[in-house]
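One-letter residues, chain by chain:
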Amino acid sequence: MNVRIPKKTLVDGLALLEHIIPTRSSNPILTYLPLELGKKGLLLRGTNGEVDLEASLPAEITGELLALVPAQLFFQIVRNAPGELIEMSFGDKLSLASGSFKTELALASPEGYPELAFQESKNERISARELTRAILRVRYAASLEEYRAIFRGVQLEFSPAGLRAVASDGFRLARFDLAAPSPQPRKIVVPARAADEIVRVFKDLEGELEIAASEHSLTLVGPAARMTAKLMEGQFPDYQRVIPQQFVLEASLQAEALRESLKRVSVLSDRSNHRVNLIFREDQLEINAESESGRGGEELSVNTSGTLPLEAAYNAQYLIDALAPVSGTVNLKLSGPTNPSVIQAAEDSGYLAVVVPLRV
């Protein structure tokens, strides 16, 4: 059984698996890379128990075989191979040659390797770029704390009206709507780390993904890769209740100018809560921060309407993150100095963020 494959093709395929296959595991067999030779080309597989991934690579193949190789060692060997072509021959061992380099690797039996769980799609498809764009718009708001349970996920809502992605850590919220209707309404919560893998694997794909979801897992199938991610158990909180509908002040200005000003001023903020103060006056916004190291401030021109003056304090990083998906003019809507504030693009882009001011 032999394989001839361009080095770049193999390296690109291995790069997908490298993030999935653990370097250490309580189940050592998961640290191996399954290689399957067959009519579909060269198949690479891997799992970390939460995400299953299979990549299909075009290659010249003779024979059929399924074997396991030590993943991390194989990654390093292929990445550092000197030639433009990788030639592999399978027997009792794997013989690999590239340019002037040759090596042999011990193979392990595939017996005991867990079967990867890929669901069959029922003709439901979604644009890869739209799905990954929706995840990227809200991912920052998911919690990083293990004890936060369901807040560590991204909720995807499929409906005939379109796709909605939502994430929240209890202190901020991000919501993004896309006109990507689905015939099967459902809500699923994808663990944030699995959502990151979906973006990494499929973000550059121009076409569509086949999609299949059950109570426990989500499967996405593209032309050269398919992935299954385990879903989170539990119900995502009713986030609609924290989105204010009435505001005492609205202000608009350039998103980039506000974002860059926050970055400059927050250098002087307190490291415990990254507090910056926003003071709204007629057509003027003052941003200031103070800590033991010093204080700094900046003034920006804004268009304002409502109750003036008004002052509110925020975690600067929360505002910077919320502004990242916005270009052009941004609208800030305040429901009070300590009540949730809304951030939206002036032109309806489907994106909405909520940030809760600091109580000081």
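The rules behind the values
- Residues numbered from 1 in each chain as written.
- Predicted model: local features only at pLDDT ≥ 70, side-chain atom pairs only at ≥ 80, totals over all residues.
- Heavy atoms only, no water.
- Pairing = 2+ DSSP bridges.
- Helix = DSSP H or I, 4+ residues; strand = E, 2+ residues; numbered from the N terminus.
- Axes fitted to C-alpha atoms, helices over the stretch in contact; angles between N-to-C directions.
- Contact = heavy atoms within 4.5 Å.
- Salt bridge = Lys/Arg side-chain N within 4 Å of Asp/Glu carboxyl O.
- Buried < 20%, exposed > 50% of the residue type's maximum accessible area, 1.4 Å probe, protein only.
- Expected span 1.5 Å × (residues − 1).
- Arc of directions from axis to C-beta.
- Core = buried A, V, L, I, M, F, W, Y, C linked by side-chain atoms within 4.5 Å.
- Polar contact = N/O pair within 3.5 Å; in protein donor to acceptor, adjacent residues only side chain to side chain.

**Q** Would you take a moment to explain the sheet that holds strand S20 (residues 284–291) for this structure?
**A** Paired through their backbone hydrogen bonds, the strands of a sheet run either parallel or antiparallel. Taken in spatial order, the 4 strands of this open sheet run S21-S20-S19-S23, and their pairing is antiparallel. Of all strands in the sheet, those with a lone pairing partner are strand S21 (294–301) and strand S23 (310–315), marking the two edges. When strand polarity is set aside, the average angle formed by the axes of neighbouring strands in this sheet is 20 degrees. Pairing of strand S19 (residues 275–281) with S20, which is carried by 5 bridges, proceeds in the antiparallel orientation. Looking at S20, one finds that Phe 280 is bridged to Leu 285. Contacts from helix H5 (residues 255–266) reach S19, S20 and S21 within the one sheet, and its direction differs from that of S21 by about 165 degrees. Together, S19 and S23 form the strand contacts of helix H6 (residues 316–323), whose direction differs from that of S23 by roughly 90 degrees.

**Q** It is not clear to me how the pattern of salt bridges should be interpreted in this structure. Could you clarify?
**A** A pair can form between side chains of opposite charge whenever their charged atoms are brought close. Counted by the stated rule, this structure contains 23 salt bridges. Of the charged contacts, one joins Asp 12 and Lys 8 as a salt bridge, the two residues approaching to 2.8 Å between their closest N and O atoms. Within this pair, Asp 12 and its partner Lys 8 are both found in helix H1 (residues 7–18), separated by 4 residues, close to a single helical turn. Note on Asp 12: relative accessible area 39%, which makes it partly exposed. Among the charged side chains, a salt-bridge network with shared partners connects Glu 36, Arg 45, Glu 54 and Arg 226.

**Q** Honestly, unusual backbone geometry in this entry has me stumped. Any pointers?
**A** For residues that are not glycine, phi is negative in most cases, and the peptide bond is trans in most cases. Cis geometry is found at the peptide bond from Leu 308 to Pro 309, where omega equals -10 degrees. Within the fold, Pro 309 resides in the loop between strand S22 (303–306) and S23. For Asn 123, which is not glycine, the phi torsion reads 60 degrees and is therefore positive. Examined against the element boundaries, Asn 123 turns out to sit in the loop between strand S9 (101–106) and strand S10 (125–127). Looking at Asn 123, the relative accessible area reads 78%, which means it is exposed.

**Q** When you look at H5 in this model, what are you seeing that I'm missing?
**A** Side chains of residues three or four places apart in an α-helix project in the same direction, reflecting 3.6 residues per turn. Between its first and last C-alpha atoms H5 spans 16 Å; for 12 residues at 1.5 Å apiece the expected length is 16 Å, and the two agree. Turning to H5, its buried residues number three or more, namely Ala 255, Leu 258, Arg 259, Ser 261, Leu 262, Val 265 and Ser 266. The arc that holds every buried residue of H5, seen down its axis, measures 165 degrees, which confines them to one face. Close packing links the buried residues of H5 with strand S18 (249–254), S19, S20, S21, H6 and strand S24 (329–334).

**Q** Before we go on, may I ask you to explain the pairing of strand S1 (residues 2–6) in this structure?
**A** A regular strand places its side chains on the two faces of the sheet in alternate fashion. Only one face of S1 is buried: it carries Val 3 and Ile 5, and the other face, with Asn 2, Arg 4 and Pro 6, is open. For S1 and strand S7 (residues 85–90), the ladder comprises 5 bridges, and the chain directions are antiparallel. Looking at the pairing, Pro 6 lines up with Leu 85 of S7. Taken together, the 3 bridges between S1 and strand S5 (residues 60–62) define a ladder with antiparallel strand orientation. Each residue of the ladder has a partner; that of Val 3, found in S5, is Ile 61.

**Q** Where do I start with the nonpolar core in this structure?
**A** For soluble globular proteins, nonpolar side chains are generally found buried alongside one another. If you look at the biggest cluster of nonpolar residues, it comprises 98 residues, and the most contacted ones within it are Leu 10, Leu 33, Phe 74, Met 88, Leu 156 and Leu 258. Here Leu 258 is in contact with Leu 253, Leu 285, Ile 287, Leu 300, Leu 323, Val 330 and Leu 332, once residues within four sequence places are set aside.

**Q** When you look at the side chain of Arg 164 in this model, what are you seeing that I'm missing?
**A** Here Arg 164 is to be found in strand S12 (residues 162–168). Given the relative accessible area of 19%, Arg 164 is considered buried. Separated by 2.6 Å, the side chains of Arg 164 and Asp 177 make a polar contact. In terms of polar contacts, Arg 164 uses its side chain to reach the side chain of Tyr 239, at 3.1 Å. Ignoring any residue separated from it by four or fewer positions in sequence, one finds Arg 164 in contact with Gln 155, Leu 156, Glu 157, Arg 175, Phe 176, Asp 177, Tyr 239 and Gln 240.

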